[in-house]
Amino acid sequence: MTDATTSTPAAKIDRDGFPTRFRYWMMDDPVAAIGLAVLIGIVLCAIFADWIAPYDPTLQDYGAMLEAPSAAHWLGTDDLGRDVFSRLIHGASASVYAAFLAVGVASVIGIPVGLIAGYAGGWTDEVISRILDTFLSFPAIVLAIAVTGVLGIGLTNAMLSVGIVFAPQLARLARARTLVLKQELYVDAARCFGASTATILGRHILPNAIQPVLVQMTLLMAVALLAEASLSFLGLGMQPPDPSWGSMIARAYIYAQIAPAQIYAPGLAILVTALAFNTVGESLREALDPTARR
Amino acid sequence: MLNPLQRRMLTRRLLQTVPVLILATFSVFMLLKLLPGDVAITLAGENASAERIAEIRQNYGLDKPLLIQYATWAWNALQGDLSSSLLSGEEVTTTLARVFPNTLFIVCYAILISIVLGVPLGILAAARAGGLADRMVMLLSSIGVALPNFWIAMIFVVAFALNRTWFPATGFVSPFEDPLRAIWYATLPAVALAASGVAEVSRQLRSSLVEILQSQHFRTLHAKGLPFRSILWKHGLRNVSVNLLTVISLLVNRTLAATVVVEVVFAIPGMGNTIVNATLQRDFPVVQGAVLAMVLTVITVNLVTDMLYSVLDPRISQQ
């Protein structure tokens, strides 16, 4: 992870603007391009759910319960006669909201803590590192369940607790990068010119430490998505009648004897989205770090 | 058996666990403090009498300073007193003693499957790095990591318990009562849990094996005319076998968390169902006790694998 790339082709790419670099990245890794397209599609679904979905996701039709896929209902209907396809599209917003909220909370807590621990060193670092170790030994979902139970059941509380559980992972990465960066000459120079600690951390260390953190954030999106699905499945996340992929699976499972096909669509949606986040994350890691090649 | 360096290393590692233990137990203790409003009233449940609330306040020492409360709680916990369920009145330690072995059984079973399937797949991928087998294994492992395990559990139930009745759809038999039936009942949940475990093990093993096979001393072995087969089996695997320990300790943490959800699918009377039901019914002493038990398990496993690691790999303790 050294920056000694002055004469390599990577240096040329570094001089180009963001659009050019982005184009290089996408051409270099078509699978990641597909992943990114999937993610953009899901975000669009989440934003424009009301316009895309053919039915109201909470509209019940007792004349058409647990129907098989048809022209009217592309993915059939659930036990209350609600259109599964519409619920799937609206479920995307729960997933997107959950993933961004959890990773957002994790980075707002984790990144500053990591920067401070790495930069301050000594006792501050020792104490913060022990706290991070402790939280890393909590099984994530278990802590999220307990915190959700205490704070009150609901999607926002559930994802806040997931975010808190994720924070140490980002803090650790930020800390490790800061330990290396604080010995760089330009950081010394900034200090000599009388820059405050906040300026050094924010303007000189953070921009250079952010790359591995960004990669981890993308990968955590997938974990957050799976956590949202699990918590909603357990009844601790999204509350009825609002749709979430996890709660759709939970509901469909009750009727697995009569209509087993109902459990496939929401699960596939979760799988594809998580896979897309992971693909983009892994590809971003390789694109940003020229030493990591397959 | 151990040299002084190793002994010093182990002592250091043991001492490092002490602050983690204190912090972890303190966080678990603080869970109840996050409750909005008066904890005593929440713990007493609805329609509790004033005396009952006063009694709870006294029992939990809620009128004393925070650190004293923590010390009392930790001291009681050390003696196996984790208070009792608000609903059934059963001692939390009794509940845990009943359900935890079931969870451990399934977790161990799942980890065993992860290793038995993951290790050969990882070796296969590394031996033909870049080839078709490698691509297939990596693709499967990408999917395995992204699969919601409760969903794959349901698909297994539909396929192997409802459509074909090869395995029971729900339920659990204790391995102490009937080991064979216990394995039969636990197979679907364990395989569902192992989906991500196999992915994790094969991915980690592949990457560390590929790294070692590309290193200088393996180039030397190759130059000396040693066939690839014996380089891989005799030298490569010996070098990565210690890495497996790290993967296993990681797996324990992940699998323990994942069982919580999978247990609900199969209605297994384990930690997962206990913690989820207690959370939904606001039975906080049970939630607290269950979280404590799981965290302590993870910390212990981390400690043991780290210590084994430093004993098995002499390079670590020499640093």
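This one's a predicted model, so the numbers in the text were calculated from it and none came from an experiment.

Thoughts on a nonpolar patch on the surface
A contiguous nonpolar patch, built from I40, V43, L44, I47, F48, W51, I52 and F100 of chain A and spanning about 820 Å² of accessible area, is present on the exposed surface. Turning to its location among the elements, F48 of chain A is positioned in the loop between α3 (30–47) and α4 (49–52).

As for the UniProt feature "transmembrane region" (unreviewed entry) in chain B
Residue and element names in this part refer to chain B. In this numbering, the UniProt entry assigns the feature "transmembrane region" (unreviewed entry) to residues 14–32, 104–127, 139–162, 182–199, 244–269 and 289–312. Secondary structure across residues 14–32 comprises 95% helix and 0% strand; the distance between its end C-alpha atoms is 29 Å. Strand forms 0% of residues 104–127 and helix 100%; the C-alpha atoms that close the span are 34 Å apart.

What to know about the side chain of S230 of chain A
The topology assignment puts S230 of chain A in helix α10 (residues 197–233). By relative accessible area, which is 8% here, S230 of chain A ends up buried. Excluding residues within four positions of it along the chain, S230 of chain A makes contact with I141 of chain A together with F150 and V261 of chain B.

Digging into the UniProt feature "domain: ABC transmembrane type-1" (unreviewed entry) in chain B
Summarizing the sequence annotation, UniProt attributes the feature "domain: ABC transmembrane type-1" (unreviewed entry) to residues 100–305 of chain B in the numbering used throughout. Here residues 100–305 of chain B is 83% helix and 0% strand, with 21 Å between the C-alpha atoms at its ends.

Some words on the UniProt feature "domain: ABC transmembrane type-1" (unreviewed entry) in chain A
The feature "domain: ABC transmembrane type-1" (unreviewed entry), as annotated in UniProt, sits at residues 92–281 of chain A in this numbering. Summarising residues 92–281 of chain A: 82% helix, 0% strand, and an end-to-end C-alpha distance of 20 Å.

Brief notes about the environment of I164 of chain A
Residue and element names in this part refer to chain A. Considering the arrangement of structural elements, one finds I164 in helix α8 (residues 155–181). Looking at I164, the relative accessible area reads 40%, which means it is partly exposed. If we ignore the near neighbours within four places in the chain, the residues touching I164 are V105 and I109.

With respect to the interface of chain A and chain B
The interface of chain A with chain B comprises 40 residues on the first partner and 44 residues on the second. Between chain A and chain B the total buried area reaches about 3,600 Å² when both faces are included, carbon and sulfur atoms providing 80% of it. Between chain A and chain B we count 0 salt bridges in total. Applying the counting rule to chain A against chain B returns 2 residue pairs in polar contact (both at pLDDT 80 or more). Considering each element in turn, the side of chain A that touches chain B owes the most residues, 9 residues, to helix α12 (residues 264–288) of chain A. Among the residues forming the side of chain A that touches chain B, the class breakdown is 29 nonpolar, 8 polar and 3 charged.

Procedures and definitions
Residues numbered from 1 in each chain as written. Chains lettered and ligands numbered in written order. Predicted model: local features only at pLDDT ≥ 70, side-chain atom pairs only at ≥ 80, totals over all residues. Heavy atoms only, no water. Patch = residues over 30% accessible without salt bridge, like charges linked within 9 Å, V, L, I, M, F, W, Y side chains within 5 Å. Areas by Shrake-Rupley, 256 points an atom, 1.4 Å probe, with all protein chains shown as cover. Salt bridge = Lys/Arg side-chain N within 4 Å of Asp/Glu carboxyl O. Helix = DSSP H or I, 4+ residues; strand = E, 2+ residues; numbered from the N terminus. UniProt positions renumbered as here; feature names shortened; annotations may be inferred. Buried < 20%, exposed > 50% of the residue type's maximum accessible area, 1.4 Å probe, protein only. Contact = heavy atoms within 4.5 Å. Buried area = accessible area lost by both parts, 1.4 Å probe. Polar contact = N/O pair within 3.5 Å; in protein donor to acceptor, adjacent residues only side chain to side chain. Nonpolar A, V, L, I, M, F, W, Y, C, P; charged D, E, K, R; others polar.

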